[in-house]
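# Working through the structure, step by step
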Amino acid sequence: MTTTAPGTRKTPGRSLPRRTRRGRGVMSSTGLYVATGVAALLFLVPFYVLVRNALSTDAQITGEDWTLFPTDVQWGNVTAPFDDSRVPFARSLWNSTVVAVLHTAGVLLVCSLAGYGLARIPYRHADKVFYLVLGTLMVPTAVTFVPSFVLVSSLGWVDSYRGLIVPGLFSGFTCFLFRQYFLGFPRELEEAARVDGLGHWGAYWRVVVPNSLNFFAAIATITFINGWNSFLWPLVIGQDPGAWTVQVALSSYTTGQTVVFHQIFMATAISIVPLLFVFLFLQRWLVQGIAQTGIKG
């Protein structure tokens, strides 16, 4: 406890530093919110342009007079991509859905098992295998592209879901993320599973996976988006229009003699709707899973 010397008295000036710090904190928070709002608006501009042009005519898109939103909204543009006989747009959406879902499920299974084995199963050469997995990250995709196509073609998987999905089931980076996460997973839970008589597979499937859903959801979101947006490999493997994915179908709109702008914008807007739903549904788990990656050890 402090005392005041005789003949002196407290002055209200001593409370100013605290008020100053509080004012600076408010200004800092305000500036942060303003900067975040401006950044959010900048990120939303492409989506605004996409929707605006998708509901406009070609003359309104390419004309000199730009309006914030078309005065005569062309709702009929929504069905235009599906009515085009040159591009099987509906089929391409289905193909992308199948490929992205199966690709995501396969990557989660294969890479999580590989990461768990490298992190938990004792093996003399585990570190060497892990370094080999990391070494795959240094190999450019262009180097393995031709051998992969030759292999898939020799198996007769061209224009098939197997050719689109199987070559991408293993990801060195995803395996690395799973290994780093499992290194930080509580060993006590696995030891309790061992006491109950479970082996490595039982501990993985019945203990580790149910307690790691946040991380699995984060990896699933990223993998699904990458699988949906994949273009070069589906372009080479899906040679028949019936095997096109949505990205290949979108590219076909710009290869003809004429370009129908509103149709391209509408098809693009429709193609990103599944990604928005996936992201909005899994965004909470995405943030938590990224925070739990445990890049250490």
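Below or above, wherever it landed, is the structure these notes cover. Here the structure is a predicted model, which means the values were calculated and not measured.

### A word on the overall build of the protein chain
When helices and strands are counted, the protein chain shows 14 helices and zero strands. Ordered by position in the sequence, the α and β elements of the protein chain form the string α-α-α-α-α-α-α-α-α-α-α-α-α-α. For the protein chain, buried positions account for 34% of its 297 residues. Partitioning the intrachain contacts of the protein chain with sequence separation of at least 6 by distance along the chain shows that 75% fall at a separation of at least 24. For the protein chain, the accessible surface area stands at approximately 18,500 Å², while carbon and sulfur atoms represent 67% of it.

### Remarks on the side chain of Asn-95
Along the chain, Asn-95 falls in helix H4 (residues 89-120). According to the relative accessible area criterion, Asn-95 is buried, its value standing at 1%. Dropping the residues within four chain positions of it, Asn-95 is found in contact with Tyr-161, Gly-242, Ala-243, Trp-244 and Thr-245.

### Focus on the packing of H4 against helix H9 (residues 187-195)
For the pair H4 and H9, the least separation of the axes is 14 Å and the interaxial angle reads 90°. It follows from the interaxial angle that H4 and H9 lie roughly perpendicular. Residues Tyr-116, Ala-119 and Arg-120 of H4 pack against Arg-187, Glu-190 and Arg-194 of H9. In terms of residue class, the contact of H4 with H9 is made up of two nonpolar, no polar and four charged.

### Observations regarding the side chain of Ser-252
On the secondary structure map, Ser-252 appears in helix H13 (residues 246-252). For Ser-252, the side chain forms a polar contact with the main-chain oxygen of Ala-249, separated by 2.5 Å.

### Regarding the nonpolar core
If you look at the biggest cluster of nonpolar residues, it comprises 25 residues, and the most contacted ones within it are Leu-108, Tyr-116, Phe-178, Phe-182, Phe-215, Phe-216 and Ile-219. Those elements that provide at least two residues to this core are H4, helix H5 (126-135), helix H8 (172-183), helix H10 (200-208) and helix H11 (213-229). Formed by 17 residues, the second largest nonpolar core is a distinct cluster that contains Leu-55, Tyr-253, Met-266 and Ile-270.

### Structural notes on a nonpolar patch on the surface
Taken together, the side chains of Leu-41, Leu-44, Phe-47, Leu-276, Phe-279 and Leu-280 define a hydrophobic patch exposed on the protein surface, amounting to about 590 Å² of accessible area. Of all the secondary structure elements, the ones that give two or more residues to the nonpolar patch are helix H1 (16-54) and helix H14 (261-291). Tracing the backbone through its elements, the reader meets Phe-47 in helix H1. A residue is classified by how much of its surface remains accessible, and Phe-47, at 40% relative accessible area, is partly exposed.

### Remarks on the packing of aromatic side chains
Applying the stated criterion to the full structure yields 16 aromatic pairs. Considering the side-chain rings of Phe-130 and Tyr-131, the 6.0 Å spacing of their centres and the 45° angle between planes classify their relative orientation as tilted. Among the residues examined, Phe-130 registers a relative accessible area of 7% and is labelled buried. We classify Tyr-131 as exposed; its relative accessible area is 55%. Relative to Trp-233, the ring of Phe-145 lies with its centre 5.4 Å away and its plane at 85°, an arrangement referred to as edge-to-face. In this pair, Phe-145 sits in helix H6 (residues 141-154) while Trp-233 sits in helix H12 (residues 232-237), placing the two residues 88 residues apart along the sequence. Among the aromatic residues, ring-to-ring pairing joins Tyr-116, Phe-178, Tyr-181, Phe-182, Trp-201, Tyr-204, Trp-205, Phe-215 and Phe-216 into one connected group.

### A look at the state of the cysteines
Here the structure, examined in full by the defined rule, presents zero disulfides. There is no disulfide at Cys-175, and the cysteine sulfur nearest it, in Cys-111, is 5.9 Å away. Given the relative accessible area of 1%, Cys-175 is considered buried.

### Here we look at the pattern of salt bridges
Under the criterion given, the structure shown has two salt bridges. Between Glu-190 and Arg-120 there is a salt bridge, and its shortest N-O distance comes to 2.5 Å. Taken together, the positions of Glu-190 in helix H9 and Arg-120 in helix H4 put the pair 70 residues apart, joining distant regions of the chain. Of the two residues, Glu-190 and Arg-120, both sit in the buried class.

### Re unusual backbone geometry
With phi around 60°, Asp-159 is a residue other than glycine that occupies positive phi space. With respect to the element layout, Asp-159 can be found in the loop between H6 and helix H7 (161-165). With relative accessibility at 34%, the residue Asp-159 sits in the partly exposed group.

The rules behind the values
- Residues numbered from 1 in each chain as written.
- Predicted model: local features only at pLDDT ≥ 70, side-chain atom pairs only at ≥ 80, totals over all residues.
- Heavy atoms only, no water.
- Helix = DSSP H or I, 4+ residues; strand = E, 2+ residues; numbered from the N terminus.
- Buried < 20%, exposed > 50% of the residue type's maximum accessible area, 1.4 Å probe, protein only.
- Contact = heavy atoms within 4.5 Å.
- Areas by Shrake-Rupley, 256 points an atom, 1.4 Å probe, with all protein chains shown as cover.
- Axes fitted to C-alpha atoms, helices over the stretch in contact; angles between N-to-C directions.
- Parallel < 35°, antiparallel > 145°, perpendicular 65-115°, else oblique.
- Nonpolar A, V, L, I, M, F, W, Y, C, P; charged D, E, K, R; others polar.
- Polar contact = N/O pair within 3.5 Å; in protein donor to acceptor, adjacent residues only side chain to side chain.
- Core = buried A, V, L, I, M, F, W, Y, C linked by side-chain atoms within 4.5 Å.
- Patch = residues over 30% accessible without salt bridge, like charges linked within 9 Å, V, L, I, M, F, W, Y side chains within 5 Å.
- Salt bridge = Lys/Arg side-chain N within 4 Å of Asp/Glu carboxyl O.
- Phe/Tyr/Trp six-rings, centres within 6.5 Å; stacked < 30°, edge-to-face > 60°.
- Disulfide = S-S within 2.5 Å.

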